[in-house]
Number of protein chains: 2
Amino acid sequence: MMTSFKPSIIVHGGAGPIKDDSLAARLEGCKAAALVGWKILEQGGLALDAAEAAVVVLEDDPVFNAGTGSTLNSLGQVEMDAAIMEGHSLRAGAVATVTGVKNPIRLARRVMEDGRHVLLAGEGARLFARQIGFPEYPPEALIVDRERKRWEQKHGTVGCVAFDSDGRLAVATSTGGIFDKLPGRVGDSPLIGCGTYADEYGAASCTGQGEAIMRVVLAKSVVDLLKAGIDPKSAAEQSIALLAEKTASTGGVIVIDRHGRIGFTRNTTHMPVCWMMSPGHVELNS
Amino acid sequence: MMTSFKPSIIVHGGAGPIKDDSLAARLEGCKAAALVGWKILEQGGLALDAAEAAVVVLEDDPVFNAGTGSTLNSLGQVEMDAAIMEGHSLRAGAVATVTGVKNPIRLARRVMEDGRHVLLAGEGARLFARQIGFPEYPPEALIVDRERKRWEQKHGTVGCVAFDSDGRLAVATSTGGIFDKLPGRVGDSPLIGCGTYADEYGAASCTGQGEAIMRVVLAKSVVDLLKAGIDPKSAAEQSIALLAEKTASTGGVIVIDRHGRIGFTRNTTHMPVCWMMSPGHVELNS
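Within each chain, residues carry numbers counting from 1 in the order of the written sequence. In the order they appear in the text, chains get letters beginning with A and ligands get numbers beginning with 1. Where totals are concerned, whole chains, interfaces and linings use all residues; where local detail is concerned, this predicted model gives features only for residues with pLDDT of at least 70, and gives and counts side-chain atom pairs only at 80 or more. Hydrogens are left out, water is left out, and the side-chain values use all remaining heavy atoms of the structure.

Draft legend 1. A look at the layout of surface pockets. Counted as a void, the largest pocket has a volume near 880 Å³. Using protein atoms alone on a 1 Å grid, points that fit a 1.4 Å probe yet trap it form a cavity, whereas open point sets bounded by protein on both sides within 12 Å along at least five of seven lines form a pocket; residues with an atom within 4 Å of a point count as lining. In this structure, the largest pocket is lined by 36 residues; those nearest its centre are Lys-220, Ser-221 and Asp-224 of chain A together with Lys-220 and Asp-224 of chain B. Mapped onto the lining of the largest pocket, the elements with two or more residues apiece are α7 (218-227) and α8 (232-247) of chain A together with α7 (218-227) and α8 (232-247) of chain B. Grid points are joined across faces, edges and corners, and a volume is the space filled by probe spheres set on the points. The volume enclosed by the second largest pocket comes to roughly 660 Å³. As for the second largest pocket, its lining consists of 35 residues, of which Gly-122, Glu-123 and Gly-124 of chain A together with Gly-122 and Glu-123 of chain B are closest to the centre. Per the convention used, a helix needs a DSSP run of H or I reaching at least four residues, while a strand needs a run of E reaching at least two, with both numbered from the N terminus.

Draft legend 2. Structural context of the relation of the copies chain B and chain A. Screw-axis analysis of chain B against chain A gives a translation of 0.0 Å along the axis, an RMSD of 0.0 Å, and a rotation angle of 180 degrees. Those values place the two copies in the arrangement expected of a two-fold rotation axis. The contact criterion used throughout is that any non-hydrogen atoms of two residues lie within 4.5 Å. Residue by residue, 100% of the interface of chain B is reproduced at the interface of chain A, so both copies engage with the same surface. For the least-squares superposition of copies, only C-alpha atoms count, and only for residues with pLDDT at least 70 in both.

Draft legend 3. Highlighting the interface of chain B and chain A. The interface is formed by 38 residues belonging to chain B together with 38 residues belonging to chain A. Once two parts are joined, some of their accessible surface, as seen by a 1.4 Å probe, is lost; buried area is that loss totalled over both. Interface area for chain B against chain A, summed over the two sides, is near 3000 Å², with a carbon-plus-sulfur share of 66%. Contact with chain A buries surface across chain B, with His-117, Leu-182 and Arg-215 of chain B losing the most and accounting together for 21% of the total. Salt bridges are identified by distance alone: a Lys or Arg side-chain nitrogen within 4 Å of an Asp or Glu carboxyl oxygen. Where chain B touches chain A, the interface holds two salt bridges.

Draft legend 4. Structural context of the packing of aromatic side chains. Residues and elements named next belong to chain A. Any two rings among Phe, Tyr and Trp, with Trp reduced to its six-membered ring, count as a pair given centres within 6.5 Å; such a pair is stacked if its planes are under 30 degrees apart, edge-to-face if over 60, and tilted if neither. Within this structure, the stated rule accounts for four aromatic pairs over all chains. A ring pair is formed by Phe-264 and Trp-275, whose centres lie 5.0 Å apart and whose planes are at 50 degrees; its orientation type is tilted. Taken together, the residues span a long stretch of sequence, with Phe-264 in strand β11 (residues 262-266) and Trp-275 in strand β12 (residues 273-276) at a distance of 11 residues. Exposure classes here rest on a 1.4 Å probe applied to the protein chains alone. A residue is buried below 20% of its type maximum, exposed above 50%, and partly exposed in between. Given the relative accessible area of 13%, Trp-275 is considered buried.

Draft legend 5. Highlighting the sheet that holds strand β5 (residues 158-163) of chain B. Note on pairing: two strands pair once DSSP finds at least 2 bridges between them. With respect to topology, nine strands assemble into an open sheet ordered β7(A)-β4(B)-β3(B)-β2(B)-β6(B)-β5(B)-β1(B)-β12(B)-β13(B), the strand pairing being mixed. The open sheet has two free edges, formed respectively by β7 (185-186) of chain A together with β13 (282-285) of chain B, since each of these has just one partner strand. Bridge count for β5 of chain B against strand β6 (residues 169-175) of chain B is six bridges, and the pairing is antiparallel. Counterpart to Phe-163 of chain B in the pairing with β6 of chain B is Leu-169 of chain B. All axes here are fitted lines through C-alpha atoms, helices being fitted over the stretch that makes contact, and every angle between N-to-C directions spans 0 to 180 degrees. Most of the contacts of helix α1 (residues 23-42) of chain B go to strand β1 (residues 8-12) of chain B, to which it runs at about 155 degrees, and overall it touches β1, β5, β12 (273-276) and β13 of chain B. Helix-sheet contacts for helix α3 (residues 104-114) of chain B involve β2 (80-86), β3 (92-98), β4 (119-121) and β6 of chain B, and the interaxial angle to β3 of chain B is about 135 degrees.

Draft legend 6. Main features of the packing of α7 of chain A against α8 of chain A. Residue and element names in this part refer to chain A. α8 packs onto α7 with a crossing angle of 140 degrees between their chain directions and a minimal axis gap of 9 Å. Considered as vectors, α7 and α8 are oriented oblique to each other. Considering how the two elements wind past one another, α7 and α8 form a crossing that is right-handed. Judged by residue contacts, Leu-218, Ser-221, Val-222, Leu-225 and Leu-226 of α7 engage Pro-232, Ala-235, Ala-236, Gln-238, Ser-239, Ile-240, Leu-242 and Leu-243 from α8. Any residue outside Ala, Val, Leu, Ile, Met, Phe, Trp, Tyr, Cys, Pro, Asp, Glu, Lys and Arg is labelled polar, Gly included; the first ten of those are nonpolar and the last four are charged. The residue makeup of the contact of α7 with α8, split by class, is 10 nonpolar, three polar and no charged. Orientation is classified from the angle alone, with under 35 degrees giving roughly parallel, over 145 giving roughly antiparallel, 65 to 115 giving roughly perpendicular, and any other angle giving oblique. Helix crossings are classified by the rotation of the near helix relative to the far one: an anticlockwise turn of less than a right angle makes the crossing left-handed, while a clockwise turn makes it right-handed.

Draft legend 7. Region of the structure containing the pairing of strand β6 (residues 169-175) of chain A. Residue and element names in this part refer to chain A. With seven of seven residues buried, β6 is to be regarded as a mostly interior element. In β6, alternate side chains face the same way, and those of Leu-169, Val-171, Thr-173 and Thr-175 on one face and Ala-170, Ala-172 and Ser-174 on the other are all buried. Bridge analysis of strand β2 (residues 80-86) against β6 gives six bridges, and the strand direction is antiparallel. Within β6, the residue paired with Ala-82 across the bridge is Ser-174. Once strand β5 (residues 158-163) ends, the chain turns through five residues before running back antiparallel as β6, passing Gly-167 with a positive phi of about 80 degrees.

Draft legend 8. Examining helix α4 (residues 122-131) of chain A more closely. All names here are of chain A. All of the buried residues in α4 are Gly-122, Gly-124, Ala-125, Arg-126, Phe-128 and Ala-129. Among the structural elements, β3 (92-98), α3 (104-114) and β4 (119-121) are those in contact with the buried residues of α4. Where α4 terminates, the next one or two residues include Gly-133, which has phi positive at roughly 80 degrees.

Draft legend 9. Inspection of the packing of helix α1 (residues 23-42) of chain A against helix α2 (residues 47-60) of chain A at higher detail. Residue and element names in this part refer to chain A. Where α1 meets α2, the axes come as close as 8 Å, and the angle between the chain directions of the two elements is 155 degrees. Classified by the angle between their axes, α1 and α2 sit roughly antiparallel to one another. Of the two possible hands of crossing, α1 and α2 adopt the one that is right-handed. Taken together, the residues of α2 that come into contact with α1 (itself represented by Gly-29, Cys-30, Ala-32, Ala-33, Val-36, Gly-37, Ile-40 and Leu-41) are Ala-47, Asp-49, Ala-50, Ala-53, Ala-54, Val-57 and Leu-58.

Draft legend 10. Focus on unusual backbone geometry. The phi torsion at Thr-97 of chain A lies on the positive side, around 45 degrees, for a residue other than glycine. Residue position: Thr-97 of chain A is located in strand β3. Assessed through its relative accessible area of 6%, Thr-97 of chain A is described here as buried. Phi at Asp-180 of chain B takes a positive value of approximately 65 degrees, unusual for a residue other than glycine. Its location among the elements puts Asp-180 of chain B in the loop between β6 and β7 (185-186).

As structure tokens, this is what we get:
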């Protein structure tokens, strides 16, 4: 008989200043996502499925900068990045600068399952989506009025890390990127090791200033700290301290280690997070 | 007065089986590239300029799978990836799935100098090239007869790591990717931490099965071994052993540490490399 583990899940809704009155809505959105993921874990499902399902909820919620509600690039278009990775197998899939799909995280999962490649970008990612029968989704439908009116810079990414009852770890990250970005800009989210990473020791999803997160390969750095025996909370804190020290930048990270223990931190003013480690106990932080 | 360091440079022409009679030409190409980079270092130039210049030589040599001579994707098109990174500053620039430029590594350098983003993909990268006045280069001109006729799978990437007389490290990597890849496929080369990485402790450029290299974040792993005090040769060997163990895949890596010491290894049958640590002493290995 297999040892059964106690599942855990953590979701974030992006690090950065939250200037508008959307904080309550963001926390609600994180809670809804965590509950959907938790239900899968509770029934003995895969961490991978839980992480994907939670991120789909966040992508579909227009309050978040991912999927529907994504920020616009300098040409007024939505180009989205997403990645998913499973810890024990190191399998990973990602898409970058993709449009014409409703849920980039689902497409990233299909890139992973397909197995030929890890990362598909731009028109190629869209073509792959069409070839595997993914429904075309009009790019305009991803744009909500709030984004059309927005003229301040927007960071923000959503992510989920999950640990299932078989002790498997998975991570999923999705984003619309940064406001007014150049067309073709790829941030840290879809890059394995930068915004998203999972191995046998832990899994992490990052958010914040993507270009800086890439330069320190943040998600892999967090997981390497877990491997070195650091607890998840300290690993999160040390890695964000490293980000600040090396790049003078801001961000946040959520992490779960191979024992199912959760950690998160940010050096921004806000990062809505929601986590669950037992049924009915939903914990929130912002 | 600043301490002056003894420069060093190493160049590779891709890991993998070399079935045709091109090995001599590949070694010659590596030598030509190393000499161009060395000349810059010898005159007190930047490691960054040396790495870029060496990779330009490799991109322009049709024997290598980078720039002119790049392999074709499943639609018969060239889509190229490249990245450049400077160790002491952690500045980096990269392009993915780009066509219509002669030298992707030069475009990656311009992405770095521009500073807004680290990675631009596809049409966005091409648009950026046009906006900064990069000459349009007909995509057909990148395709050589050999590639039109090729029906076996081709791996292969070129790379250079350089250490200058001010003790600065830099790395540059460029590739046409893998034969028959899906359009939009991004390999490890342009991904900071995966195929390309540099920090204050060392710099590394990887080649081989890109999807596997991404899953173990190979270049960052090598540099982390240097940080832990491992010598460059052992760091290269340990990281390729890790790649094999975790992913059952093959590849190679070149590396220089912060003392200018060189290391390289491969678990493929071939990887043409050329390195120099003093004037006139050109060393070759395949």
